[in-house]
Amino acid sequence: MDEKALIAKLIEGDAAAFEYVVGRYHSLMLSVARAIIGEAFADEVVQDAWVSAIKALPRFEGRASLKTWLLQITSNGAKTRLRRESRQLSLDDGWQAEPDYKFNQRGHRIDDVLPWNIDTPEALLENEQLRQVIERSYQNLPPHQRAVLTMADMEGLEMTEICNILDLSASNARVLLHRARTALHHSIEQYQES
Amino acid sequence: MFECKDVAEEASNYLDGDLPLAKRLGLLLHLVYCSCCRRYMQQIRQTISTVAILRPQEQHQTDTQALAEKLRTISKTES
């Protein structure tokens, strides 16, 4: 179903269309809210964002995709709430892609990067234990990293949209994305070596 | 001069095409003679593809069916 048809169904009050959009976008909206406002208020912010979005739906002009529009509403709500709560979340600084001990003074790797026994995405995912390792590693990422990774690598949003939604500079967003990917790589690497 | 440590820091920027030309060339040159970094770069690529297929989701306790029904009720009262 294309997006126009989906929106028309929502406006008509079609139950299946509501179940579909909530099922498809709720986690994503929560990811954005958690990154901006933190765990405590995220759920409430997303519930409010859903209500605002549904009320505004008849005026949705389709200039952005429904997904980006929902994320923008979530982001605005979370930022307003953040100002009200006078909270400031930090972007976990002091990070390196790989720890210093892996390199000598000249920046060369001391040990080899070992080849993976399981080395295609399909094969990686056929291994149930490994799936769980990746899931766990994803859940353990700090909220900002999780949100950027989700939007960039799973939802295919442009970096400019991600920066706008999370109110981040491009360089910060790129660093967070790399941190997230590196953390997941590290968990796969550890599994393969064990 | 690009070293392994620089490759580890810049891998995503390289893969996403966000690396300025001079750094891109430096990194490529390093990859020519460093099999470790070639492997590392390949593994980061596979990590990205794997996550895109697996699509892990935020954990939450929300009853999405109940939420959908609540929103549908709101939309009916609005129209």
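Because the structure is a prediction, the values reported are computed rather than measured.

Trainee: I'd like to hear about the overall build of chain B, residue by residue, with values.
Mentor: Secondary structure summary: chain B contains 4 helices and 0 strands in total. Sequence-ordered secondary structure for chain B, helices as α and strands as β, is α-α-α-α. Here chain B has a C-alpha radius of gyration of 22 Å; the compact-globule value for 79 residues is 12 Å, and the former is much larger. Overall, chain B is about 65 × 25 × 15 Å in size when its C-alpha atoms are taken along their principal axes. The buried share of chain B, reckoned over its 79 residues, is 27%.

Trainee: Lay out the packing of helix α3 (residues 39-56) of chain A against helix α4 (residues 66-85) of chain A in plain terms, naming residues and giving numbers.
Mentor: All names here are of chain A. Remark: α3 packs on α4, axes separated minimally by 9 Å, with the N-to-C direction vectors making an angle of 130°. Relative to α4, the element α3 lies oblique. Along this stretch, α3 crosses α4, giving a crossing that reads as right-handed. Between α3, through Phe-41, Val-45, Val-46, Asp-48, Ala-49, Ser-52 and Ala-53, and α4, the contact on the second element is made entirely by Leu-70, Ile-73, Thr-74, Gly-77, Ala-78, Arg-81 and Glu-85. Per-class residue counts for the contact of α3 with α4 are 8 nonpolar, 3 polar and 3 charged.

Trainee: Before we move on, could you go through the domain arrangement of chain A and cite the residues and values that matter?
Mentor: Residue and element names in this part refer to chain A. Considered domain by domain, chain A is made up of domain 1 (3-85) and domain 2 (100-193). Placing a centre on the C-alpha atoms of domain 1 and another on those of domain 2 gives a separation of 27 Å. Listed by partner, the interface residues are 12 residues for domain 1 and 11 residues for domain 2. Elements supplying a minimum of two residues to the side of domain 1 that touches domain 2: α2 (15-37) and α4. Across the side of domain 1 that touches domain 2, the residue classes tally to 5 nonpolar, 4 polar and 3 charged.

Parameters at a glance
- Residues numbered from 1 in each chain as written.
- Chains lettered and ligands numbered in written order.
- Predicted model: local features only at pLDDT ≥ 70, side-chain atom pairs only at ≥ 80, totals over all residues.
- Helix = DSSP H or I, 4+ residues; strand = E, 2+ residues; numbered from the N terminus.
- Rg over C-alpha atoms; globule rule 2.2 N^0.38 Å.
- Buried ≥ 20, exposed ≤ 12 C-beta atoms within 10 Å, placed from the backbone.
- Axes fitted to C-alpha atoms, helices over the stretch in contact; angles between N-to-C directions.
- Parallel < 35°, antiparallel > 145°, perpendicular 65-115°, else oblique.
- Left-handed = near helix turned anticlockwise from the far one by under 90°.
- Contact = placed C-beta atoms within 7 Å.
- Nonpolar A, V, L, I, M, F, W, Y, C, P; charged D, E, K, R; others polar.
- Domains from an automatic or database assignment.

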